[in-house]
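Secondary and tertiary structure notes
Given next are the chains, with one letter for each unit.
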Amino acid sequence: MIQAGAAVIDITPPPGLAMSGFAARCGPAEGVHDRLTARALAIGDTAIVVADVIGIDAAMAARIRKRSVLLADSIVVAALHNHGGPPSMAGRLSIAADPAFLERLEDACVAALDKAAASRKPARLEIAEGVDPDVGRNRRHVGGPVDRALPLLRARGAEDGRTIAFLISYACHPVVLGADNLQWTADYPHFVRHALEEAEPGAVALFLTGCVGDVNTGHSAAASVSLARDEARTYAAAARIGRKIAACALQAPARPVNGPVAAVSGVVTLDFQRRETVPVADLAQAWSKERETAEPARRSLLGYWIEWAQTVARSAPEPLSARVTVFDWGGVLLIALPGEIFAETALFLRTLPGVGAGAFLVGFAEDNPGYIPPESEYVHGGYEVDEAHRYYGQSMSFAPGSAEALAQCAAALVGGAAENSRSG
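Definitions and limits used
- Residues numbered from 1 in each chain as written.
- Predicted model: local features only at pLDDT ≥ 70, side-chain atom pairs only at ≥ 80, totals over all residues.
- Heavy atoms only, no water.
- Axes fitted to C-alpha atoms, helices over the stretch in contact; angles between N-to-C directions.
- Helix = DSSP H or I, 4+ residues; strand = E, 2+ residues; numbered from the N terminus.
- Left-handed = near helix turned anticlockwise from the far one by under 90°.
- Contact = heavy atoms within 4.5 Å.
- Nonpolar A, V, L, I, M, F, W, Y, C, P; charged D, E, K, R; others polar.
- Buried < 20%, exposed > 50% of the residue type's maximum accessible area, 1.4 Å probe, protein only.
- Domains from an automatic or database assignment.
- Buried area = accessible area lost by both parts, 1.4 Å probe.
- Salt bridge = Lys/Arg side-chain N within 4 Å of Asp/Glu carboxyl O.
- Polar contact = N/O pair within 3.5 Å; in protein donor to acceptor, adjacent residues only side chain to side chain.
- Pairing = 2+ DSSP bridges.
- Parallel < 35°, antiparallel > 145°, perpendicular 65-115°, else oblique.
- UniProt positions renumbered as here; feature names shortened; annotations may be inferred.

1. Observations regarding the packing of helix H1 (residues 58-67) against helix H2 (residues 99-118)
- Put simply, H1 and H2 touch, their axes get as near as 9 Å, and they point 40° apart. For the element pair H1 and H2, the recorded crossing hand is right-handed. Within the contact between the two elements, H1 uses Met-60, Arg-63, Ile-64 and Arg-67 and H2 uses Leu-102, Leu-105, Glu-106, Asp-107, Cys-109, Val-110, Leu-113 and Asp-114.
- Here the contact of H1 with H2 is built from residues that sort into seven nonpolar, no polar and five charged.

Take a look at the structure:
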């Protein structure tokens, strides 16, 4: 029989630390709306931990997996990608991370994994495919692709039937709150988790952010370069959205999950390509001139770009090694990918045999090096393709074909996981 366990560790920093996620936001956190956490679910010998931060870099993720009592190759380390937490990756996203918080984050992820593993007990798994809550919108193309799947996995104690944990995933950027927010928050996923835990007291709910590189609730990426209050981007809106997602998942019929548990992983080498057609020195000069008369939010963004042009952009990046992992939980698949993956890639993966709407497609897993667009998006340019690497601290954008390479690796691993499951 499958064994399952779950755990939650608080990682909420004190007010006063810088916040990550919006170039327009200059002020530190002033308070706490909801506690930030690291949450882990162990199923058999596999486990996933997700932390309420914007990203966890590959080096930290590798240390977390190595330090856990579980086998490193059977662990996935993911980030929620909320924009209401502190900087969590050294040298990325333009704002320096607090070393003490980085140490606390790493320790908490290890503790959550080990506590979940220690709490494992015989369990029954159920999978449900929730109806589309109609929340996500493609922010680059009106009516563009969106992954509308809403899988919900429930682990119940085999003896008492009580819910041990929920695992839910949805593909919508956790940016209901905008740059004007100065409180620690997990954004709308906090309300999803709260609603699930309220429905089953004693359960631990984990939210996995899907392939959201081009999907949010409808505003453009440029709309986030503003400190203006938007009535569509409030805690009330986040609560409404979160509760709707949870309700759609809880109302779906569930079926039992039976079979062995397996984990497989692979590494893909991703190359970079410069998108800027003007020398970076000339860009820095033009941005410096524009900054003299720009509005405060735009001025802040230009400041990051100028610093990028004068430092990071001067070096050529080494190819990046990206880890892809697939779990097979008795026929329920979890596919973990690094960075900000677009909906087109997710929809391709859902066409693979055995994947479908019941699979968990997880972004921001093992690393968050930035946006990884499909080849079809490069002709359109825009923030995610042409500009975001500057804020992320990368000297260049990922080269066309990077998303496809990750998807092909995942496709091969899906077949490998099925084979391992059958042989196990």
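2. Examining the environment of Leu-93
- Note on placement: Leu-93 falls in the loop between strand S5 (75-79) and H2.
- Each residue touching Leu-93, except ones within four places of it in the same chain, is listed here: Ser-20, Ile-54, Tyr-391, Tyr-392 and Gly-393.

3. Points about helix H8 (residues 383-392)
- Most of H8 is tucked away, with seven of its 10 residues classed as buried.
- Buried within H8 are the following residues: Glu-384, Val-385, Ala-388, His-389, Arg-390, Tyr-391 and Tyr-392.
- Here the buried face of H8 lies against helix H5 (280-291), helix H6 (296-310), strand S18 (340-341), strand S20 (371-372) and strand S21 (397-398).
- Residue Gly-393 follows H8 closely and has a positive phi angle near 90°.

4. Some remarks on the domain arrangement of the chain
- On domain assignment, one finds that the chain holds domain 1 (3-260 + 323-377) and domain 2 (277-310).
- Relative placement of domain 1 and domain 2: their C-alpha centres are 33 Å apart.
- Summed over both partners, the interface of domain 1 with domain 2 comes to about 540 Å²; 71% of that surface belongs to carbon and sulfur atoms.
- Three residues, Ala-23, Ser-94 and Val-225, lead the burial of domain 1 against domain 2; their summed loss comes to 68% of the area buried on that side.
- Across the contact surface, domain 1 and domain 2 share zero salt bridges.
- Taken together, domain 1 and domain 2 are joined by one residue pair in polar contact (both at pLDDT 80 or more).
- Partitioning the side of domain 1 that touches domain 2 into residue classes produces six nonpolar, two polar and no charged.

5. Here we look at the sheet that holds strand S19 (residues 360-362)
- Strand order across the open sheet formed by four strands is S14-S16-S17-S19, with mixed pairing between neighbours. In the strand order of this sheet, the two ends are held by strand S14 (261-270) and S19, each with one partner. The mean angle between the axes of side-by-side strands here comes to 10°, regardless of whether they run parallel or antiparallel.
- Here five bridges tie strand S16 (residues 320-329) to strand S17 (residues 332-336), and the two strands are oriented antiparallel to one another. Paired with Trp-329 across the strands is Val-332, a residue of S17.

6. Describing the side chain of Glu-366
- Tracing the chain through its elements places Glu-366 in the loop between S19 and S20.
- Side-chain polar atoms of Glu-366 contact the side chain of Arg-323, separated by 3.2 Å.
- Aside from chain neighbours lying at most four places away, what touches Glu-366 is Ile-56, Asp-57, Ala-58, Ala-61, Arg-65, Ile-75, Val-76, Val-77 and Arg-323.

7. A few points about the pattern of salt bridges
- Tallying each qualifying case throughout the model produces 27 salt bridges.
- One network of salt bridges, in which partners are shared, links Arg-63, Arg-67, Glu-106 and Asp-107.

8. A look at the packing of H6 against H8
- Their axes nearest at 9 Å, the elements H6 and H8 cross at an angle of 80°. In terms of orientation, H6 lies roughly perpendicular with respect to H8. The segment H6 lies against H8, with Tyr-304, Trp-305 and Trp-308 engaging Glu-387, His-389, Arg-390 and Tyr-391.
- Here the residues of the contact of H6 with H8 are counted per class, giving four nonpolar, one polar and two charged.

9. Focus: the UniProt feature "domain: Neutral/alkaline non-lysosomal ceramidase N-terminal" (unreviewed entry) in the chain
- Here the UniProt feature "domain: Neutral/alkaline non-lysosomal ceramidase N-terminal" (unreviewed entry) sits at residues 4-199.
- Across residues 4-199, the secondary structure splits into 21% helix and 28% strand, with the terminal C-alpha atoms separated by 19 Å.

10. Brief notes about the environment of His-219
- If you trace the backbone, His-219 turns up in the loop between strand S12 (215-216) and helix H4 (235-250).
- On a C-alpha basis, the gap between His-219 and Arg-140 in space is 9.3 Å, while along the polypeptide they are 79 residues apart.
- In this view, His-219 contacts Arg-139, Val-175, Ser-224 and Arg-233; residues no more than four positions away in its chain are not counted.

11. Quick notes on the pairing of strand S9 (residues 163-170)
- Within S9, eight of the eight residues are buried, which leaves it mostly tucked inside the rest of the structure.
- Here five bridges tie strand S8 (residues 151-157) to S9, and the two strands are oriented antiparallel to one another. In the strand pairing of S9, Ala-155 is matched with Ala-165.
- If you look at the hairpin formed by S8 and S9, you'll find five residues sitting between the two strands, and Gly-161 has a positive phi there, around 75°.
- Of the pairings in the sheet, the one linking S9 to strand S11 (residues 204-209) comprises six bridges and is parallel in character. Residue pairing in the sheet places Ser-169 in a bridge with Leu-208 of S11.

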